[in-house]
Amino acid sequence: MRYRSRGYTVFTISNTIFLSLLSLICILPLLHVFALSFSSRAAATANIVNFWPIGFTTDAYVKTLSNVMFLQSLWTGVERTVLGTVLSMVVITMAAYSLSKSIYKFPGRQIYIWVFVFTMLFSGGLIPSYVLISKLKMIDTLWALVLPSAVSVWNMILMLNFFRTIPQELEEAAYIDGAGHLRVLWSVYLPVSMPSIATLSLFTMVFHWNSWFDGMIYMSNPDGYPLATYLHSMIVSDNLSRVGVTLESVANFSNRTVKSAQIFIGALPILLVYPFLQKYFVKGIVLGSVKS
Amino acid sequence: MAAYWRKTWPFHVLLLPALVLVFLFQYVPLFGAVIAFQDYEPWLGIKGSPWVGFEHFRYLFTYPDGKQIIWNTLIIAGFKLIANLIVPIVFALLLNEVRKMFFKRFVQTFVYLPHFLSWVILGGILIDILSTEGGIINRLLNSFGIQSVFFLGDGRWFRFTVILSDVWKEFGFSAIIFLATLVGINPALYEAAEIDGATRWQQVKLISVPLMMPIVIVVATLSLGRILDAGFDQILNIYNPLVYSHGDIIDTFVYREGLNNGQFSFGTAVGLFKSAIGFILIVISYRMAFKLANYRIF
């Protein structure tokens, strides 16, 4: 019979224990912050909270959600995520449709592909981009957060690979019925590739929700920060006080539950879409790596 | 030519928005990078600023901290590269031995999660749990009688923390590609080995590992192209002036000197230097991977 040796049994048991521990290590830090956010201030300051709230209270959340700055950045974060995802998906889908055509149907696609792929290899860097955005007068606008990243070449390649798996017969039938390219894209390609589009949309949403650096450099005023940037500026000041670089240590420290609540709210949307993400990303990765 | 356009114009039109965006936000900054060879002043613009040739590039190497920053980048990125290869491979091999689908799913659900959280969130969590004032990790160490460790305030520990936390975030996700390879191995190979009396360990050593090798080589080669990416997102969220000596990397330096201190030309030069090295490495590593991949497929 298969693997009946005693050594293998011992291995199976220790392997199970090891992998369980590894899983715990990945989730416990998040659980700790979650527990902190629902604990009383006193318990948090006394450092007795582990993975379960002590002195349960929703105080920290009440405080967080009545903080105008927090709500404002939360809204900006939602705005950029929605606008950025829609924009990016529309642009990418249109481009991927053209690029998914064979070289016989669309001579010249190779040139376009290189124009796009080159941007994955070489970039002008941070400062020229910043100079450009300020020259375009996009500082302090949402456009600075959604336009530069709208064309994700990687997602475009994934999308065109999805499109290529669509049977030729489907679109040929549509052409014979007199449909144009736009019609084929809209009525044949999109319905058939809905799962792929949903997957890439999720990835784009996660990307936008998590992006913080562009918010920091393109928003001259903290009023315009999206949530991720707001959280960044908060944790940086937290860090500085904890390693003793600034002197507001005590004041910051007592805010620990509120900080935990803010961090947890920042992570919440990702946790909510995670089950859907997990369903698809394995496919996406394997497909992408095989095709490219 | 007219016939070509008549036949393909819809394709060009559909590509137009993407092309405009890429041209504006990728190619224009590429030309904008010429300010690396100038003493750029925003009010003079590119046309009016004086040209200085390779002055800023030379300055990078004579700059007191220049060598230290390049060294920090290489050592952090190098260790990450190695650890982010070995840990996922071992993890994939171990997970592949699990027979209970339920448990496999359970583990996968947890270890993939950190990949999707941003370094802002994870940085916030790290700063809290690694704190010397009652952070949970130091409390755990104390309960074993170990003194509190200044993870984010001591240079050497900082590098270690950066590398380890990056492995923690990414090992599960990086393992997917290896797991997929392992699952794709023909079961007949294992069955044949078993009939020949091979133990499970021998099967792993003589079947799983060799069959995984080509993809390991490809992943390793391709990651060489990122040897100068030491983790901008991560470090900018958890570093502080106390650890600049050990934790400052090229990207964070460009941000601080270039944008915060307004040295646009110098910052661009450093960024361009990094971009150029990265480009050369990517081209070389893709060539290598292509050769190795060919050998893998055929």
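Residues numbered from 1 in each chain as written. Chains lettered and ligands numbered in written order. Predicted model: local features only at pLDDT ≥ 70, side-chain atom pairs only at ≥ 80, totals over all residues. Heavy atoms only, no water.

**Digging into the environment of Ile238(B)**
Considering the arrangement of structural elements, one finds Ile238(B) in helix α11 (residues 232-238). The exposure class of Ile238(B) is buried, given its relative accessible area of 0%. Linking Ile238(B) and Val162(B), residues 76 residues apart in sequence, is a C-alpha distance of 8.6 Å. Setting aside anything within four residues of it in sequence, one finds Ile238(B) in contact with Asn239(A), Gly123(B), Ile127(B), Leu152(B), Phe158(B) and Val162(B). (Helix = DSSP H or I, 4+ residues; strand = E, 2+ residues; numbered from the N terminus. Buried < 20%, exposed > 50% of the residue type's maximum accessible area, 1.4 Å probe, protein only. Contact = heavy atoms within 4.5 Å.)

**Let's talk about the domain arrangement of chain B**
Residue and element names in this part refer to chain B. Split into domains, chain B comes out as domain 1 (23-53) and domain 2 (67-297). Across the domain 1-domain 2 interface, the total number found is zero salt bridges. The tally of links between domain 1 and domain 2 comes to three residue pairs in polar contact (both at pLDDT 80 or more). (Domains from an automatic or database assignment. Salt bridge = Lys/Arg side-chain N within 4 Å of Asp/Glu carboxyl O. Polar contact = N/O pair within 3.5 Å; in protein donor to acceptor, adjacent residues only side chain to side chain.)

**Observations regarding helix α7 (residues 136-143) of chain B**
Residues Ile136(B), Asn138(B), Arg139(B) and Leu141(B) constitute the buried set of α7(B). Elements in contact with the buried residues of α7(B): α1 (6-37) of chain A together with α6 (119-129) of chain B. Just downstream of α7(B) lies Gly145(B), where phi reads positive at about 80 degrees.

**Some words on a nonpolar patch on the surface**
A surface patch of nonpolar side chains, amounting to about 460 Å² of accessible area, comprises Trp75(A), Val78(A), Val82(A), Val86(A) and Val90(A). Looking at the secondary structure, you find Val82(A) in helix α4 (residues 68-99). (Patch = residues over 30% accessible without salt bridge, like charges linked within 9 Å, V, L, I, M, F, W, Y side chains within 5 Å. Areas by Shrake-Rupley, 256 points an atom, 1.4 Å probe, with all protein chains shown as cover.)

**Observations regarding the domain arrangement of chain A**
Note: interface size is frequently given as the accessible area lost on complex formation between the parts. Residues and elements named next belong to chain A. Segmentation of chain A into domains returns domain 1 (1-57) and domain 2 (64-291). Between domain 1 and domain 2, the C-alpha centre-to-centre distance is 32 Å. Contacts between the two partners involve twelve residues from domain 1, matched on the other side by ten residues from domain 2. Carbon and sulfur atoms make up 68% of the area that domain 1 and domain 2 hide from each other, which totals about 970 Å². Between domain 1 and domain 2 we count zero salt bridges in total. Elements supplying a minimum of two residues to the side of domain 1 that touches domain 2: α1 and α2 (41-45). When residues of the side of domain 1 that touches domain 2 are assigned to their parent elements, the largest contribution, six residues, is made by α1. Partitioning the side of domain 1 that touches domain 2 into residue classes produces five nonpolar, six polar and one charged. (Buried area = accessible area lost by both parts, 1.4 Å probe. Nonpolar A, V, L, I, M, F, W, Y, C, P; charged D, E, K, R; others polar.)

**What to know about the nonpolar core**
Residues Leu19(A), Phe116(A), Phe91(B) and Phe178(B) are the most contacted members of the largest nonpolar core, which totals 172 residues. One finds Ala35(A), Ala43(A), Ala44(A) and Val49(A) within the second-largest nonpolar core, a separate group that totals five residues. (Core = buried A, V, L, I, M, F, W, Y, C linked by side-chain atoms within 4.5 Å.)

**Re the confidence of the model for chain A**
On average, residues of chain A carry a pLDDT of 86, and 91% of them reach 70 or more. Within chain A, the element-level pLDDT minimum falls on helix α14 (residues 249-253) of chain A, averaging 49, and the maximum on α4(A), averaging 95. (pLDDT = per-residue confidence, 0-100.)

**Re the interface of chain A and chain B**
The partner chain B presents 89 residues to the 99 residues of chain A that form the contact. For the pair chain A and chain B, the two sides together bury roughly 8,400 Å², of which 75% comes from carbon and sulfur. In terms of surface lost to chain B, no three residues of chain A exceed Cys26(A), Phe122(A) and Ile127(A), which account for 8% of the buried area on that side. At the boundary of chain A and chain B, one finds one salt bridge. Among the ionic pairs, Asp128(B) bridges to Arg256(A), the shortest N-O distance being 2.8 Å. At the boundary of chain A and chain B, one finds 18 residue pairs in polar contact (both at pLDDT 80 or more). Considering only residue class, the side of chain A that touches chain B consists of 71 nonpolar, 21 polar and seven charged.

**Some remarks on the pattern of salt bridges**
Oppositely charged side chains can pair when the atoms bearing their charge come close. Counted under the stated rule, the structure contains nine salt bridges over all chains. A salt bridge links Glu171(A) to Lys101(A), with the nearest nitrogen and oxygen atoms 2.8 Å apart. With Glu171(A) in helix α9 (residues 168-176) and Lys101(A) in the loop between α4 and α5 (109-121), the pair connects residues that are 70 residues apart, well separated along the chain. For the pair Glu171(A) and Lys101(A), one class covers both residues: buried. Taking the shortest distance from any N to any O, the salt bridge between Arg200(B) and Glu97(B) comes out at 2.7 Å. One end of the pair, Arg200(B), is in helix α10 (residues 200-224); the other, Glu97(B), is in the loop between α4 (66-96) and α5 (101-116), and 103 residues separate them in sequence. We classify Arg200(B) as buried; its relative accessible area is 8%. When its relative accessible area of 7% is taken as the criterion, Glu97(B) is described as buried. Each of Asp229(B), Asp251(B) and Lys274(B) takes part in salt bridges that share partners, so that together they form one network.

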